[in-house]
Each structure stands twice: as structure tokens, then as C-alpha cells.
Amino acid sequence: MSDFDSVVARYLAVWNETDAAARRKRIDDLFAEDVRYVDPLAAVTGRDALDGLIGAVQQQFPGLTFSPGGAVDAHHEQARFTWNLGAVPGEALVVGFDVAELDADGRIQQVLGFLDKVPAA
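The text that follows walks through the structure, step by step, so that each part is easy to find. (Residues numbered from 1 in each chain as written. Predicted model: local features only at pLDDT ≥ 70, side-chain atom pairs only at ≥ 80, totals over all residues. Heavy atoms only, no water.)

## A closer look at the nonpolar core
Ranked by size, the top nonpolar core spans 29 residues in total, and within it Tyr-11, Trp-15, Phe-31, Tyr-37, Leu-50, Leu-53 and Ile-108 carry the most contacts. Of all elements in the fold, only α1 (3–16), α2 (20–30), β1 (31–39), β2 (42–45), α3 (47–60), β5 (78–86), β6 (92–102) and β7 (108–117) reach the threshold of two or more residues within this core. With seven residues, α1 is the single largest residue contributor to this core. Not counting the four nearest positions on each side in its chain, Tyr-11 is found in contact with Leu-30, Phe-31, Tyr-37, Phe-81, Asp-98, Ile-108 and Val-111. (Core = buried A, V, L, I, M, F, W, Y, C linked by side-chain atoms within 4.5 Å. Buried < 20%, exposed > 50% of the residue type's maximum accessible area, 1.4 Å probe, protein only. Helix = DSSP H or I, 4+ residues; strand = E, 2+ residues; numbered from the N terminus. Contact = heavy atoms within 4.5 Å.)

Structure, rendered in C-alpha cells:
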């Protein structure tokens, strides 16, 4: 497993962590203090805001799990990876891909997210 495979596994674990205190510890360990997260539905800066966003997503999609959607493609300090959100086992309700960039300390500094499949309105 490459370093980025580990980072992505930890990243998805943060999104799946439903215990607020445990999730915050994971966020503090993995993300830079001033992390920037942007996707088509959200744009937040800082660990507090990211924590709030993840909690809101979990409320919107209760019981669903984020899982890897394929291999991690990485070079230098950035990686792109596909993820699935859905019941496990089962078909993904949402599919997207993120590009994560690490800072000099190996923490995630920025995430740019894209949605490839979303539920019909």
C-alpha cells in the first residue's frame, strides 16, 4: 500500500466516522488546520467547517458508507481517487472523485471534489 493509498483510506474513514469525537480526532490527525474543501455543493475552510460539513452529509445520507471506487492515482503531493456512497453491499447512490493535495507535513491541505453520479431530484 502506498502512502497515498493510506491517506485515501483514512480520508474515507473520516467521512464514515459517525461518532463526533472520534471523527474530530481523525480530522485533526489527517487534515491541515486551514484545510480547504470544495465540491459542487459546498466550499469550506478549516477543520471546524469540514467537520460540520461531514456531519451534515451523514445526516442527509444516514446509514450509507463511502468506499473506494478504484485505484488511487498520485504524484508529487497530490492524488485523485474515485469514491462511492451507498449501502454496502449494493449499488452506489452517489459516485464522485476527489483530488487531494498534501502540505509539507503530509496532511491534507486541499480537496477538490467532483460528482459523477447523483440521485435524481
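We are not done yet, so read on.
## Overview of the pairing of β6
Pairing analysis gives nine bridges linking β5 to β6, with the strands arranged antiparallel. Bridged to Thr-82 within β6 is Phe-97. Examined bridge by bridge, β6 and β7 share eight bridges and lie antiparallel to one another. Residue pairing for β7: Val-99 is matched across the bridge by Leu-112. (Pairing = 2+ DSSP bridges.)

## Some thoughts on the layout of surface pockets
As a volume, the largest pocket reaches approximately 330 Å³. If you go around the largest pocket, you meet 19 residues; those closest to its centre are Asp-39, Leu-41, Val-57, Phe-61 and Leu-115. When contributions to the lining of the largest pocket are tallied by element, the ones reaching two or more residues are α1, β1, α3, β5 and β6. Looking at the lining of the largest pocket residue by residue, the class counts come to 16 nonpolar, one polar and two charged. (1 Å grid on protein atoms, 1.4 Å probe; cavity = no way out; pocket = protein on both sides within 12 Å on 5 of 7 lines; lining within 4 Å. Points joined across faces, edges and corners; volume = space filled by probe spheres on them. Nonpolar A, V, L, I, M, F, W, Y, C, P; charged D, E, K, R; others polar.)

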